[in-house]
Amino acid sequence: MITQPLVLGIESSCDETGVGIVRGTELLTNTVSSSMDEHVRFGGVIPEIASRAHLEAFVPTLQAALDDAGVTLADLDAIAVTAGPGLSGALMVGVSAAKALAVATGTPLYAINHLVAHVGVGILGGTFPDGLPSNLGALLVSGGHTEILRVGDLAHDVELLGSTIDDAAGEAYDKTARILGLGYPGGPAIDRLARDGDPTAIRFPRGLSQPKYMGTAEAPGPHRYDWSFSGLKTAVARSVEQYETAGLELPVADIAASFQEAVVDIITSKAVLACREHGITNLLLGGGVAANRRLRELTAERCAAAGITLTVPAPALCTDNGAMVAALGAQIVMRGAQPSGIAFGTDPSLPVTTIALPRS
């Protein structure tokens, strides 16, 4: 069993081509190439464009990562790659590249879960200096995912407690920004504008918060820890229509602030509820939307009130990156798990309970 494996991680689930290298729990490099600028004119990620961008960016990103870490492919003990969830075509590019490298170098290959990898960053960059704590949960908020997880053991025991049943929070931001004419990506634009708005100006709905969905701790409803943001987007559109029909000036800042408050209010309240009812006393906040000012503020406030210790990794480790893939891969290698081989396929809907794909 290798105690401090040198692992190369490859991430290509959406629009970031990420290559990271770790030695055990030490981060050597986190190199990312984003195709976000190519999607701006479309107002969202276009899968075909993302896939082609990965093809163009992979080799230069890999070489930059190897140079930055001062290692060669021959030095590697293992390669880890995101096999899902994510965009099918984008995943295929990263997985194909990883398989080619594994075959060419004879290096063991591990196919791992993108969502669990977001928790893996907790072992890097001094995020948790003494290792992942016990009673750990993870709140992942991004353009494609919104989940609350219970992490018993990073390598083999992760449970999904709740998730979005439609749009992810990041998608809701992008769609609302489009309605308000703010462009893409919507998250940063709305967060900036919301600073000048009144978050109480409009009471937008908090999806799945009604008693029939919530139930009680003794008799949980069908969506006690789940989220829904599609209705919120519709409510924003109707609000804009009402102002325009009445010939009134659109209070864009107030709408942005009220929308953002609705999103972070329901995310944080349900996440903290899930933590309290599952004995979670440490919470990691990850994903691209973790950079949102109001989300961080309210999560910290409500965690403190509930006696939960909140940890937010460095911004570069919150967004999709290869370092998180390498970190989880290293943990799996150190547990002595068998490689996945090269016969596995991608799984755009890979469940969080499947941390790594077994050899097929």
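Since we're looking at a predicted model, the values are computed, not measured.

Asker: Could you clarify how one ought to interpret the overall build of the protein in this entry?
Answerer: Along its length, the protein carries 12 helices and 10 strands. Taking 2.2 N^0.38 as the reference for a compact globule, 360 residues should give roughly 21 Å; the C-alpha atoms of the protein span a radius of gyration of 21 Å, in line with that estimate. Each of the three principal axes of the protein carries a C-alpha extent, and together these read 65 × 45 × 35 Å. The buried share among the 360 residues of the protein stands at 54%. Long-range pairs, those at least 24 residues apart, make up 74% of the contacts in the protein with a sequence separation of at least 6. Put simply, the protein shows about 14600 Å² of open surface, and 52% of that area lies on carbon and sulfur atoms. Looking at charge distribution, the protein has the averaged site of its 23 positive side-chain charges lying 5 Å from that of its 37 negative ones.

Asker: Looking at this structure, I do not really get the packing of helix α2 (residues 47–69) against helix α3 (residues 88–105). What am I missing?
Answerer: How two helices pack is summed up by the angle between their axes together with the distance between the axes. Contact pair α2 / α3: the axes reach a minimum separation of 9 Å and the direction vectors enclose 35°. The two elements α2 and α3 meet at a crossing, and its hand is right-handed. On the side of α2, the interface is formed by S51, H54, L55, F58 and L62, while α3 contributes G89, A90, V93, A97 and L101. In terms of residue class, the contact of α2 with α3 is built from 7 nonpolar, 3 polar and no charged.

Asker: For this particular structure, what's the right way to read the layout of surface pockets?
Answerer: The probe, sized like a water molecule, is rolled over the atoms to show the empty space still left. Of the volumes computed, that of the largest pocket is approximately 900 Å³. Broken down by class, the residue content of the lining of the largest pocket amounts to 10 nonpolar, 15 polar and 10 charged.

Asker: Even after reading the chapter, I still don't get the sheet that holds strand β7 (residues 146–153), so can you show me in this structure?
Answerer: Backbone hydrogen bonds hold the strands of a sheet together, and the pairing may be parallel or antiparallel. Here we have 5 strands laid out as an open sheet, ordered β8-β7-β6-β9-β10, and mixed in their pairing. Two strands close off the open sheet at either side, each with one partner strand: β8 (157–163) and β10 (309–311). Averaged over all neighbouring strand pairs, the angle between strand axes comes to 25°, with direction disregarded. Across 6 bridges, strand β6 (residues 136–141) lies against β7 in antiparallel orientation. Counted as the bridge partner of L136 is V151 from β7. Each of β6, β7, β8 and β9 (282–286) touches helix α9 (residues 252–277); the most contacted strand, β7, lies at about 20° to it.

Asker: Looking at this model, I keep getting lost on the sheet that holds strand β1 (residues 6–11). Mind explaining?
Answerer: Strand order in the open sheet made by the 5 strands is β3-β2-β1-β4-β5, with mixed pairing throughout. One side of each edge strand has no neighbouring strand; the edge strands of this open sheet are β3 (26–34) and β5 (109–113). Averaged over all pairs of adjacent strands, the angle between their axes in this sheet comes to 20°, without regard to strand direction. In the packing of α2 onto the sheet, the strands contacted are β1, β2 (16–23) and β3, and the crossing angle to β2 comes to about 25°. Contacting β1, β4 (78–84) and β5, α3 crosses the sheet at an angle of about 160° to β4.

Asker: Explain the environment of P129 to me, please; I cannot follow it from the model alone.
Answerer: Looking at the element boundaries, P129 is found in the loop between α4 (114–120) and β6. Take P129: its relative accessible area is 70%, and that puts it in the exposed class.

Asker: Help me understand the side chain of S13 in this model?
Answerer: Checked against the element boundaries, S13 lands in the loop between β1 and β2. Engagement of the side chain of S13 in a polar contact is seen with the side chain of H114, the distance being 3.3 Å. Those residues within four positions of S13 in sequence are excluded, and the remaining contacts are T82, P85, G86, L87, A90, L91, H114 and D320.

Conventions and cut-offs
- Residues numbered from 1 in each chain as written.
- Predicted model: local features only at pLDDT ≥ 70, side-chain atom pairs only at ≥ 80, totals over all residues.
- Heavy atoms only, no water.
- Helix = DSSP H or I, 4+ residues; strand = E, 2+ residues; numbered from the N terminus.
- Rg over C-alpha atoms; globule rule 2.2 N^0.38 Å.
- Buried < 20%, exposed > 50% of the residue type's maximum accessible area, 1.4 Å probe, protein only.
- Contact = heavy atoms within 4.5 Å.
- Areas by Shrake-Rupley, 256 points an atom, 1.4 Å probe, with all protein chains shown as cover.
- Lys, Arg positive; Asp, Glu negative; His and termini not counted.
- Charge placed at Lys NZ, Arg CZ, Asp CG, Glu CD.
- Axes fitted to C-alpha atoms, helices over the stretch in contact; angles between N-to-C directions.
- Left-handed = near helix turned anticlockwise from the far one by under 90°.
- Nonpolar A, V, L, I, M, F, W, Y, C, P; charged D, E, K, R; others polar.
- 1 Å grid on protein atoms, 1.4 Å probe; cavity = no way out; pocket = protein on both sides within 12 Å on 5 of 7 lines; lining within 4 Å.
- Points joined across faces, edges and corners; volume = space filled by probe spheres on them.
- Pairing = 2+ DSSP bridges.
- Polar contact = N/O pair within 3.5 Å; in protein donor to acceptor, adjacent residues only side chain to side chain.

Bear in mind that shape data such as this cannot, by itself, settle questions of function.
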